[in-house]
Each structure stands twice: as structure tokens, then as C-alpha cells.
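# Breakdown of the fold
Spelled out from the first residue to the last, the chains are:
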Amino acid sequence: PFLFGLFVKMFGFSWRTSLLYDGLLHVWLCCITIWGARRIAPEGARWRAYLAGLAVLPLGTVGRPDELAMCFGMAACGLALAPMLTWPRCMISGALLGLCCGTSMGAALGFACVWAGLRVPILFSAQWRGALAATALAALSGICALAACLLPIAITHPHAYTFFIGEVQRTAAALPLVATW
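Residues numbered from 1 in each chain as written. Predicted model: local features only at pLDDT ≥ 70, side-chain atom pairs only at ≥ 80, totals over all residues. Heavy atoms only, no water.

So, on to the overall build of the protein chain. Across its full length, the protein chain holds eight helices and zero strands. Secondary structure elements in the protein chain, listed N-terminal to C-terminal, are α-α-α-α-α-α-α-α. Looking at the protein chain as a whole, 32% of its 181 residues qualify as buried. Residue pairs in contact within the protein chain that sit at least 24 positions apart in sequence constitute 63% of those at least 6 positions apart. Accessible area for the protein chain stands at about 11400 Å²; split by element, carbon and sulfur atoms hold 77% of it. (Helix = DSSP H or I, 4+ residues; strand = E, 2+ residues; numbered from the N terminus. Buried < 20%, exposed > 50% of the residue type's maximum accessible area, 1.4 Å probe, protein only. Contact = heavy atoms within 4.5 Å. Areas by Shrake-Rupley, 256 points an atom, 1.4 Å probe, with all protein chains shown as cover.)

Now the structure itself:
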């Protein structure tokens, strides 16, 4: 919402600027998808990363949750794929997951599971203590980023949290549907 507010402040509010903003987010999501896929693609098959990025283009809003949340979540997972996850990368990755949660609870739940799945093998390695500390730091920075998103709203509108709880309940209610598929 903040980025959209800045965009509207610069270009004005109309359906064209809203469509342009959504298009830019869509292109950004494709670029982040390519970046994340390049990190896991084998050396000789980098073309698969570009194919994955192009596969995001025709999805529209039907095949994914909030696009901004997807951008935050993909960037967080892309950072988690780094061969050596440094402390700053870990903090940024956690903060991106916190921003993802502040944007869309459903997307945050999905990307948090993916992020955790990327980190689990490291927790069973010889550097498990450092990996556990880095994961805790990522969680802490994610909570701080989420708090930075929610506190201004909670301070100015004390009862606004009921909408957030409603979103959590709606997302949790949909989980049994996902399990049956």
C-alpha cells in the first residue's frame, strides 16, 4: 500500500495508473521468479529459469495471491537459496517474509513453509548452531517488519486488528480444502 501510495502521488490516481502499477508488479514478479529459479537451476539448464519466469506472465490474478506479497516472498526465498546465508542476508530475508505477511497472510504462510523447507537441510549439517541462530534472527527481523507494517494502523485505528484476525481465520479455514486436493 505504501508503494502504491507513492506511485499514485507521482503519477496521479486513475484506472490507467492502477493498471500500470499492477503491470510493473507483474513484470517484477517475473524477474524475481527468474532470479530465484536461476539459483536452483543446474549450470547447463539456465533456460529453465527463464521459462519459469515466463510461466508467471499468463497467470493473472487467478493463479496466485496478492502480487506484492508474492514479490516479497519470492525475494525472501531467493535469498534463502544463497550458498552462504550471511547475517545481513538472513535479516533481509526475514524482513521480506514479514512484509509478505503484512501484505497477504495466505502468501506468507506458503512462502514461510517454502523458506523453512530450504533451511531445514542446513539445520542438520555440521553448522547447525549457526544456522539455527540465523533462522532465529530471520524470524525476529520478520516480526519486526510485520510490526512496522501493523503498528501505525493499530495505533491510529485500535480496532483494525479484527480485520487481520478475520483474514487469519479465513486463511486457516481454507487449509482443509488444500489438504483434500
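Take Glu67: it is sitting in helix H4 (residues 67–80). There is a polar contact of 2.5 Å between the side chain of Glu67 and the side chain of His26. (Polar contact = N/O pair within 3.5 Å; in protein donor to acceptor, adjacent residues only side chain to side chain.)

Interhelical geometry of H4 versus helix H5 (residues 87–103) gives an angle of 160° and a closest axis separation of 8 Å. Classed by the angle they form, the pair H4 and H5 counts as roughly antiparallel. The element H4 and its partner H5 pack so that their crossing is left-handed. The segment H4 lies against H5, with Leu68, Ala69, Phe72, Gly73, Ala75, Ala76, Leu79 and Ala80 engaging Arg89, Ile92, Ser93, Leu96, Leu97, Leu99, Cys100 and Thr103. Taken together, the residues that form the contact of H4 with H5 break down as twelve nonpolar, three polar and one charged. (Axes fitted to C-alpha atoms, helices over the stretch in contact; angles between N-to-C directions. Parallel < 35°, antiparallel > 145°, perpendicular 65-115°, else oblique. Left-handed = near helix turned anticlockwise from the far one by under 90°. Nonpolar A, V, L, I, M, F, W, Y, C, P; charged D, E, K, R; others polar.)

Of all hydrophobic cores here, the largest spans 31 residues; its most connected members are Leu96, Cys100, Phe111 and Trp115. Elements supplying a minimum of two residues to this core: helix H2 (15–40), H4, H5, helix H6 (105–123) and helix H7 (128–156). Ranked by residues supplied to this core, first place goes to H4 with ten residues. Those residues in contact with Trp115 that lie beyond four places of it in its chain are Ala76, Cys77, Ala80, Ser93, Leu97, Thr135 and Ala138. (Core = buried A, V, L, I, M, F, W, Y, C linked by side-chain atoms within 4.5 Å.)

The next thing to look at is the packing of aromatic side chains. In the structure shown here, the tally under the stated rule is two aromatic pairs. Consider the rings of Phe7 and Phe11, whose centres lie 4.8 Å apart with planes at 50°: the pair is tilted. Note that Phe7 and Phe11 are positioned in helix H1 (residues 2–11) at a spacing of four residues, about one turn of the helix. Aromatic ring contacts, followed pair by pair, group Phe7, Phe11 and Tyr21 into a single cluster. (Phe/Tyr/Trp six-rings, centres within 6.5 Å; stacked < 30°, edge-to-face > 60°.)

The terminal C-alpha atoms of H5 lie 24 Å apart, and with 17 residues this matches the ideal 24 Å at 1.5 Å per residue to within 8%. Those residues of H5 not exposed but buried are Cys90, Ser93, Gly94, Leu96, Leu97, Gly98, Cys100 and Cys101. (Expected span 1.5 Å × (residues − 1).)

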